[in-house]
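# Structural features, examined
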Amino acid sequence: SQTIHQWPATLVQPVGSPLSLECTVEGTSNPNLYWYRQAAGRGLQLLFYSVGIGQISSEVPQNLSASRPQDRQFILSSKKLLLSDSGFYLCAWNAPMGTGGRASGNTIYFGEGSWLTVV
Amino acid sequence: AQSVTQLGSHVSVSEGALVLLRCNYSSSVPPYLFWYVQYPNQGLQLLLKYTTGATLVKGINGFEAEFKKSETSFHLTKPSAHMSDAAEYFCAVTPGGFQKLVFGTGTRLLVSP
């Protein structure tokens, strides 16, 4: 079965420090990968998505970047954190369209999330 | 462009009462619709989804939702609330079921004894 892991689960970082959140998916190949952010009291905002290694699409301009160095690895980074970067970050995946199995292309599965507090 | 509106940021019910969480969407193409649940400090878990076919969809934990195209709605219901249903619920839409899942702002369900 497919699983998704992201870490760290919680992180407290000072303003201006770098950030690295990592996400890996197991049990599938060539997944679509996503980073969402959930700010306090707000819905989920899609930050980045990737359909393949080295292919990153950014949904909103921001202080963050994403990379996909391997097929099932997705990394969210920042060189200098801002207070406004605080929030709950969720990694997610789904199978590319056209593949079968339990994880069909029209369902997105989420990791457990990472709480980032910038102080 | 697709969008989702969830009416009511908070809904309070008594244990055993009917749960109704409202979701309206807009989509320029036939939508795929989802409900996710989020328990405190956790990721999102899929409750149910509508893609094509039967408009009444049954999900986990006794929840169901009905796709009404004429009303552009996909409301979530459960006949009898349990304390364990207290969580945040998100409605989401995607055009044709691929990428860029657009979420509503969520509804927090509170269940009192």
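Our subject in this report is the structure included herewith. If you're wondering where the values come from, they're calculated on a predicted model, not measured in any experiment.

Residues and elements named next belong to chain A. Strand order in the open sheet made by the four strands is β1-β3-β8-β7, with antiparallel pairing throughout. In this open sheet, the two strands that pair with only one neighbour each are β1 (3-7) and β7 (65-70). Across the sheet, the mean angle separating the axes of adjacent strands is 20 degrees when strand polarity is ignored. Bridge count for β1 against strand β3 (residues 19-26) is five bridges, and the pairing is antiparallel. Considered in β3, the bridge of H5 is made with T24.

Residues and elements named next belong to chain B. Within this structure, the stated rule accounts for 15 aromatic pairs over all chains. Between Y36 and F103 the ring centres are 5.9 Å apart and the planes differ by 55 degrees, which places this aromatic pair in the tilted class. Here Y36 is found in strand β5 (residues 31-38), whereas its partner F103 is found in strand β11 (residues 102-103), with 67 residues between them in sequence. For the residue pair Y36 and F103, the accessibility class agrees, reading buried in each case.

Take the state of the cysteines next. For the structure on display, the rule yields two disulfides over all chains. One disulfide in the model links A:C23 with A:C91; its S-S distance is 2.0 Å. Judged by the torsion about the S-S bond (-75 degrees), the A:C23/A:C91 disulfide is left-handed. Taken together, the residues A:C23 in strand β3 and A:C91 in strand β9 (residues 87-94) connect sequence positions 68 residues apart. The pair A:C23 / A:C91 is uniform in exposure class, with both members buried. Through a disulfide, B:C23 is tied to B:C91; the S-S separation comes to 1.9 Å. Across the disulfide from B:C23 to B:C91, rotation about the S-S bond amounts to roughly -65 degrees, and the bridge is consequently left-handed. Of this pair, B:C23 sits in the loop between β3 (19-21) and β4 (24-26) while B:C91 sits in strand β10 (residues 87-95), placing them 68 residues apart in sequence. For B:C91, a relative accessible area of 0% corresponds to the buried category.

The step from A:W7 to A:P8 runs through a cis peptide bond, and the omega angle for that step is 0 degrees. Phi angles above zero are rare outside glycine, and B:T72 is one such case at about 45 degrees. Mapped onto the secondary structure, B:T72 falls in the loop between β8 (64-68) and β9 (73-78). By relative accessible area, B:T72 is classed as partly exposed at 33%.

Right, let's get into the environment of A:S78. Residue and element names in this part refer to chain A. Assignment of secondary structure puts S78 in strand β8 (residues 73-78). Sequence-wise, S78 and I108 are 30 residues apart; in three dimensions their C-alpha atoms are separated by 25 Å. Other than its neighbours up to four places away in sequence, S78 contacts P18, L19, N63 and L64.

Glancing now at the pairing of β5(B). Residues and elements named next belong to chain B. Burial analysis of β5 places eight of its eight residues in the buried class, which makes it a mostly covered element. A two-sided burial pattern is seen for β5, the buried positions comprising P31, L33, W35 and V37 on one face and Y32, F34, Y36 and Q38 on the other. Where β5 lies against strand β6 (residues 44-50), six bridges are found, and the strand directions are antiparallel. Bridge pairing in β6 links Q38 to L44. Linkage of β5 to β6, two consecutive antiparallel strands, is achieved through a turn of five residues, within which N41 is found at a positive phi near 60 degrees.

Here we come to the pairing of β9(A). All names here are of chain A. For β9, the tally of buried residues reaches eight of eight residues, placing the bulk of the element in the interior. Strand direction decides the pairing type here: strand β4 (residues 32-38) and β9, joined by seven bridges, are antiparallel. Paired with W35 across the strands is C91, a residue of β9. By the bridge criterion, two bridges tie β9 to strand β10 (residues 109-110) in an arrangement that is antiparallel. Along β10, the bridge assignment pairs W93 with Y109.

Parameters at a glance
Residues numbered from 1 in each chain as written. Chains lettered and ligands numbered in written order. Predicted model: local features only at pLDDT ≥ 70, side-chain atom pairs only at ≥ 80, totals over all residues. Heavy atoms only, no water. Pairing = 2+ DSSP bridges. Helix = DSSP H or I, 4+ residues; strand = E, 2+ residues; numbered from the N terminus. Axes fitted to C-alpha atoms, helices over the stretch in contact; angles between N-to-C directions. Phe/Tyr/Trp six-rings, centres within 6.5 Å; stacked < 30°, edge-to-face > 60°. Buried < 20%, exposed > 50% of the residue type's maximum accessible area, 1.4 Å probe, protein only. Disulfide = S-S within 2.5 Å. Contact = heavy atoms within 4.5 Å.

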